[in-house]
Amino acid sequence: MAAHTKRANVTQYRSKATPMPHPMQLFEITPAEVDRIVSVFYARIRRHPELGPIFAAHIAEGDWPAHEAKIAQFWRSAILKEGGYAGNPMRVHMSTPDVMPRHFTPWLALFDEVLSAQLSPDAAKAFSALAHRIGRGLRVGLEQVRAPKDAPPILR
């Protein structure tokens, strides 16, 4: 009985000092790392010759902190299973006519650069795979919505 109580106390102490990851967490990454990835990425986006002007047309200079917080919450919800993200990325991208399917290639390349520079190789690879899967879905969704009405469906 004493050993069981001791083990329970150690587990309780550990969970208070270092929160255990959600059992459905996709890979090892901390909330602070997600926040840093988003911050570094959007700093680079703002300087990007093709993507920067598109973002600047939709996000005022003073609105970047709120945008970054929302996107970081998206990634923390997707990866860490925190929940709390309220949004519809597909609807946002579809309602933004200057975002084109071709923009996802440089977006993902830039994101991969940031991941490689900021994370361990394993975490960068896992995060990249998720970002590419989401990016593919958004790109195909845009292609489908913007295709001529009589065009065949896109089946990628």
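Definitions and limits used
Residues numbered from 1 in each chain as written. Predicted model: local features only at pLDDT ≥ 70, side-chain atom pairs only at ≥ 80, totals over all residues. Heavy atoms only, no water. Helix = DSSP H or I, 4+ residues; strand = E, 2+ residues; numbered from the N terminus. Buried < 20%, exposed > 50% of the residue type's maximum accessible area, 1.4 Å probe, protein only. Contact = heavy atoms within 4.5 Å. Areas by Shrake-Rupley, 256 points an atom, 1.4 Å probe, with all protein chains shown as cover. Phe/Tyr/Trp six-rings, centres within 6.5 Å; stacked < 30°, edge-to-face > 60°. Expected span 1.5 Å × (residues − 1). 1 Å grid on protein atoms, 1.4 Å probe; cavity = no way out; pocket = protein on both sides within 12 Å on 5 of 7 lines; lining within 4 Å. Points joined across faces, edges and corners; volume = space filled by probe spheres on them. pLDDT = per-residue confidence, 0-100. Axes fitted to C-alpha atoms, helices over the stretch in contact; angles between N-to-C directions. Parallel < 35°, antiparallel > 145°, perpendicular 65-115°, else oblique. Left-handed = near helix turned anticlockwise from the far one by under 90°. Nonpolar A, V, L, I, M, F, W, Y, C, P; charged D, E, K, R; others polar.

### Section: the overall build of the protein chain
(1) Moving on: What the protein chain contains, in helices and strands, is seven helices and zero strands.
(2) Moving on: Written out in order from the N terminus, the α and β elements of the protein chain read α-α-α-α-α-α-α.
(3) Moving on: Taken over 156 residues, the protein chain has a buried fraction of 35%.
(4) Moving on: Sequence-distant contacts in the protein chain: of pairs separated by 6 or more residues, those separated by 24 or more amount to 70%.
(5) Moving on: A total of about 9800 Å² of accessible surface is found on the protein chain, and carbon and sulfur atoms cover 61% of it.

### A short note on unusual backbone geometry
(1) Moving on: In the Ramachandran plot, K81 falls in the positive-phi region, its phi being about 60° despite a non-glycine side chain.
(2) Moving on: Its place among the elements puts K81 in the loop between α4 (64-80) and α5 (89-94).

### Some thoughts on the packing of aromatic side chains
(1) Moving on: Taken as a whole and assessed by the stated rule, the structure comprises 13 aromatic pairs.
(2) Moving on: With a centroid separation of 5.8 Å and an interplanar angle of 45°, the aromatic rings of F27 and F127 are classed as tilted. Of this pair, F27 sits in the loop between α1 (2-17) and α2 (31-47) while F127 sits in helix α7 (residues 121-146), and the two are 100 residues apart along the sequence. Taken individually, F27 and F127 each receive the classification buried, so the pair is uniform in this respect.

### Some words on α4
(1) Moving on: Compared with the 24 Å implied by 1.5 Å per residue over 17 residues, the 23 Å span of α4 between its first and last C-alpha is a close match.
(2) Moving on: Of all 17 residues making up α4, twelve are buried, and the element is well covered by its neighbours.
(3) Moving on: For α4, every residue scored as buried is listed here: W64, E68, I71, A72, Q73, F74, W75, R76, S77, A78, I79 and L80.
(4) Moving on: Looking one or two places after α4, you find K81, whose phi comes out positive at around 60°.

### Re the layout of surface pockets
(1) Moving on: Taken as a whole, the largest pocket encloses approximately 690 Å³ of empty space.
(2) Moving on: The wall of the largest pocket is formed by 27 residues, among which Y42, F55, H67, V92 and H93 lie closest to the centre.
(3) Moving on: Listing elements by their share of the lining of the largest pocket, those giving two or more residues are α3 (51-56), α4, α5, α6 (104-118) and α7.
(4) Moving on: Looking at which element gives the most residues to the lining of the largest pocket, the answer is α4, with five residues.

### Digging into the confidence of the model for the protein chain
Low-confidence regions, as indicated by low pLDDT, have predicted coordinates that should not be scrutinised in detail.
(1) Moving on: The pLDDT averaged across the protein chain works out to 85; a share of 81% of its residues lies at or above 70.
(2) Moving on: Mean pLDDT in the protein chain bottoms out at α1, which sits at 42, and peaks at α6, which reaches 98.
(3) Moving on: Per-residue pLDDT stays below 50 along residues 1-17; that stretch engages in two contacts with residues further than four places along the chain or on separate chains.

### Looking at the packing of α4 against α7
(1) Moving on: The contact between α4 and α7 brings their axes to 12 Å, and the two run at 110°. Between α4 and α7, the angle falls in the class roughly perpendicular. Relative to α7, the crossing made by α4 is right-handed. Mapping the contact onto sequence places F74, W75, A78 and I79 in α4 and F127, L130, A131 and I134 in α7.
(2) Moving on: For the contact of α4 with α7, the residue count by class is eight nonpolar, no polar and no charged.

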